[in-house]
Amino acid sequence: MKVVVDPERCRGHARCLTIAPDAFEFLDDEDRTIVHDEAAAQAGIATLRAAQVECPEQAITIETGEDGSA
């Protein structure tokens, strides 16, 4: 599984941090969020999907399939 936050779309709402604080980190200097890959894998797909749904900019992509699809 791979979780990606699109830096062009992320606007720093940080809703993902509320849902999965160990999986995401807010970069104050850039006003956006990044993913911690190992922590994201441990967070579980349901938690990550909740963060994805709550993102108002739809900046979070979750790839789970062998072909890279969600």
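It should be noted that the structure appears before, not after, this text.
Residues numbered from 1 in each chain as written. Predicted model: local features only at pLDDT ≥ 70, side-chain atom pairs only at ≥ 80, totals over all residues. Heavy atoms only, no water.

K.L.:
Sorry if this is basic, but what is going on with the environment of H13 here?
P.N.:
Within the secondary structure layout, H13 lies in the loop between strand 1 (2–5) and helix 1 (15–19). With a relative accessible area of 43%, H13 lands in the partly exposed category. Placed 28 residues apart in sequence, H13 and A41 show a C-alpha to C-alpha distance of 22 Å. In this view, H13 contacts P56 and E57; residues no more than four positions away in its chain are not counted. (Helix = DSSP H or I, 4+ residues; strand = E, 2+ residues; numbered from the N terminus. Buried < 20%, exposed > 50% of the residue type's maximum accessible area, 1.4 Å probe, protein only. Contact = heavy atoms within 4.5 Å.)

K.L.:
Explanation requested: the nonpolar core in the structure shown.
P.N.:
Side chains of nonpolar character tend, in soluble globular proteins, to be buried together. Formed by 15 residues in total, the largest nonpolar core has its most connected members in V3, V5, F24, L48 and I60. When neighbours within four sequence positions are excluded, V3 is seen to be in contact with F24, V35, D37, A40, L48, I60, T61 and I62. (Core = buried A, V, L, I, M, F, W, Y, C linked by side-chain atoms within 4.5 Å.)

K.L.:
I would appreciate a short explanation of the pairing of strand 3 (residues 32–35) in the present structure.
P.N.:
In regular strands, side chains alternate between the two faces of the sheet. Note: strand 2 (residues 24–27) against strand 3, four bridges, orientation antiparallel. Across the sheet, residue E25 finds its bridge partner in strand 3, namely I34. Two successive antiparallel strands, strand 2 and strand 3, enclose a turn made up of four residues, where D31 displays a positive phi of approximately 55 degrees. (Pairing = 2+ DSSP bridges.)

K.L.:
Would you mind going over the pattern of salt bridges with me for this structure?
P.N.:
As a working rule, side chains carrying opposite charge can pair if their charged atoms are close by. Evaluation of the coordinates by the stated rule reveals one salt bridge. Ionic pairing is found between E30 and R32, a salt bridge with its closest N-O pair at 2.7 Å. Assessed through its relative accessible area of 47%, E30 is described here as partly exposed. (Salt bridge = Lys/Arg side-chain N within 4 Å of Asp/Glu carboxyl O.)

K.L.:
Whenever I open this one, unusual backbone geometry confuses me. Can you help?
P.N.:
Phi is mostly negative for residues that are not glycine, and the peptide bonds are mostly trans. Of note, A14 is a non-glycine position whose phi angle comes to about 65 degrees, a positive value. Relative to the elements of secondary structure, A14 occurs in the loop between strand 1 and helix 1. The backbone phi angle of Q58 is positive, close to 50 degrees, even though this residue is not glycine. Inspection of the secondary structure puts Q58 in the loop between helix 3 (45–54) and strand 4 (60–63). Owing to a relative accessible area of 55%, Q58 belongs among the exposed residues under this scheme.

K.L.:
Which parts of the structure should I look at to understand the state of the cysteines?
P.N.:
Among covalent bonds in proteins, the disulfide is the one between the sulfur atoms of two cysteines. Here the structure, examined in full by the defined rule, presents zero disulfides. The thiol of C10 is unpaired, and the distance to the nearest cysteine sulfur, on C55, comes to 6.4 Å. By relative accessible area, C10 is classed as buried at 10%. Of all cysteine sulfurs, the one in C10 lies closest to C16, which takes part in no disulfide; the gap is 6.4 Å. (Disulfide = S-S within 2.5 Å.)

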